[in-house]
Amino acid sequence: MVETEGGGPEDGTAEVLDRPLPDGVRRRVVGIVSDAFGALTMAELPAPLRQYARFTPSRRAKFAGNAMAAALETERLFRQRIAERYKETQPELCGALEAGSPPPAADPLDVAAAAYVLRPPGWAKLVAAAGEEAQRADAERVDEESRAELEKLREELERAREHARAETARLRAELDTARKEADALHRKLRSALSDVKRGEAALRKERAETESARAEGQAAVSAAESESRRLKTRLGESEAALEATRRAVREGRSVEDMRVRLLLDTVLEAAQGLRRELALPPVSVRPAETVDAVEPGRMTPKDIAARALSEHDPAIVDQLLALPQAHLVVDGYNVTKTGYPQMPLEKQRLRLLGQLSALAAQTGAEVTCVFDGAELAAPVLLAPPRGVRVLFSKPGVTADELIRQLVRAEPPGRPVIVASTDREVADGVARAGARPVASAVLLKRLS
């Protein structure tokens with residue numbers, strides 16, 4: 001065979017297929033091109049196929065199959081290069097095709113694919129014949145598969161029929177048995193119905209007697225429950241009264257014991273202080289000591305009057321707090337608004353409490369600071385300083401009323417000092433036995 005660049009009657013390039021390339025032949029052609037693809041240089045490849053140059057043969061056949069088939073059909077020079085590579089790998093098949101006698105034992109699809117690539121004279125007939133052979137083989141395969149499937153279905157149908165016959169015979173036997181059992185059950189049912197009717201009659205009689213007994217029992221239970229509720233009510237009232245009495249006794253005794261003990265401590269410390277103040281010797285009274293006279297080292301009434309301090313002297317606070325078991329009650333906002341009203345309430349409280357803590361540490365006296373709770377927008381998060389009790393009045397109760405309650409809670413005779421400029425508070429605590437001190441005096445002492 002002589003091939004020329006322009007092609008001619010001496011090769012098969014002028015032949016064309018009168019039908020599409022069979023799928024089996026097309027797959028073999030794409031495999032031939034994919035295997036020979038890697039032996040070509042980048043310049044020998046058509047432009048559309050260069051992007052697949054680095055792919056493996058399997059990936060190239062998968063992703064570039066259509067592009068390689070189109071290039072093989074339209075690019076004659078590319079087809080010739082592929083044919084040359086194929087001749088090198090399959091010389092016997094290619095030689096037989098060029099000689100016009102394809103091997104009889106060769107696969108028709110391989111022969112058709114090689115003929116499509118090499119284009120020897122009569123290649124179109126080889127491709128068409130291979131396509132018809134492939135279709136015939138597919139038809140025979142499908143026919144064989146259909147016959148096998150039909151035979152399988154026949155066998156399954158026969159097995160189903162046998163199973164159906166056996167199942168029918170079994171069901172008939174079970175039906176006969178069930179009919180016999182049903183007849184026996186009907187006889188038993190008629191006997192049971194007779195027994196049920198007799199039982200229903202006896203049940204109605206028993207039910208009537210039970211209803212009568214239940215009515216009597218309910219009446220008795222109702223009466224017993226009524227009596228039980230009455231007794232429980234009386235018992236609850238008695239227990240509540242007893243508990244209230246015990247609680248009142250405990251609370252009254254506890255408060256009274258506390259008041260008596262505190263008053264006793266006050267009296268004892270006052271007696272000790274008076275003894276130190278009067279410088280009494282630690283001996284029993286002698287008759288000569290009852291004579292009215294001024295002894296050396298003792299104060300005369302004139303000396304005692306000279307020691308009195310002014311109401312506005314801050315030293316009076318120290319004298320009062322030096323009394324035994326002294327209790328200082330401070331009207332918080334009255335003092336802060338007198339001394340530093342321009343500060344926010346929170347800072348007023350902190351400043352006053354810090355000063356009162358120092359005063360309590362110096363004097364050892366009990367200190368209680370009372371603030372009006374009505375001016376609070378929210379609960380105060382405050383850690384009371386050491387030695388100072390901090391109280392806020394409840395809703396509806398003023399700080400003045402809380403101060404008067406504190407004064408009334410103290411036993412008579414205990415020294416209680418109230419720091420407030422409010423005249424109503426000062427007069428009220430004075431009537432209760434407390435010693436009022438002006439807020440300005442306390443501020444001077446604190447500063």
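Structure: see above.
From a predicted model like this one, the values you see are computed outputs, not experimental measurements. (Residues numbered from 1 in each chain as written. Predicted model: local features only at pLDDT ≥ 70, side-chain atom pairs only at ≥ 80, totals over all residues. Heavy atoms only, no water.)

Peer 1: Got a minute to help me understand the pairing of strand S4 (residues 416-419) in this structure?
Peer 2: Working note: regular strand, side chains alternate between the two faces of the sheet. Covered by surrounding structure in S4 are Val-416 and Val-418 together with Ile-417 and Ala-419, the residues of both alternating faces. Relative to S4, strand S1 (residues 327-331) runs parallel, the two sharing 4 bridges. Note on S4: the bridge partner recorded for Val-330 is Ala-419. As paired elements, S4 and strand S5 (residues 435-437) share 3 bridges and run parallel to each other. Each residue of the ladder has a partner; that of Val-418, found in S5, is Pro-436. Traced from S4 through helix H13 (residues 423-431) to S5, the parallel crossover comes out right-handed. (Buried < 20%, exposed > 50% of the residue type's maximum accessible area, 1.4 Å probe, protein only. Helix = DSSP H or I, 4+ residues; strand = E, 2+ residues; numbered from the N terminus. Pairing = 2+ DSSP bridges. Right-handed = clockwise from strand over helix to strand, strands pointing away.)

Peer 1: Even after reading the chapter, I still don't get the sheet that holds S1, so can you show me in this structure?
Peer 2: Backbone-to-backbone hydrogen bonds join strands into a sheet, with any given pair of strands oriented parallel or antiparallel. With parallel pairing, 5 strands are arranged side by side in an open sheet as S3-S2-S1-S4-S5. In the strand order of this sheet, the two ends are held by strand S3 (388-392) and S5, each with one partner. Pairs of neighbouring strands in the sheet enclose a mean axial angle of 20°, with direction left out of account. Running over the sheet, helix H12 (residues 399-409) touches S1, strand S2 (366-371), S3 and S4 and is turned about 155° from S2. (Axes fitted to C-alpha atoms, helices over the stretch in contact; angles between N-to-C directions. Contact = heavy atoms within 4.5 Å.)

Peer 1: Which parts of the structure should I look at to understand the nonpolar core?
Peer 2: One broad trend across soluble globular proteins is that nonpolar side chains are buried collectively. Membership of the largest hydrophobic core comes to 33 residues, with the highest contact counts inside it found for Val-29, Leu-72, Phe-78 and Ile-82. Within the residue set of this core, elements represented by two or more residues are helix H1 (23-37), helix H3 (65-74), helix H4 (76-89), helix H5 (91-98), helix H6 (108-118) and helix H7 (123-278). Judged by nonpolar contacts, the second largest core, of 28 residues, contains Ile-316, Ala-326, Leu-328 and Cys-369. (Core = buried A, V, L, I, M, F, W, Y, C linked by side-chain atoms within 4.5 Å.)

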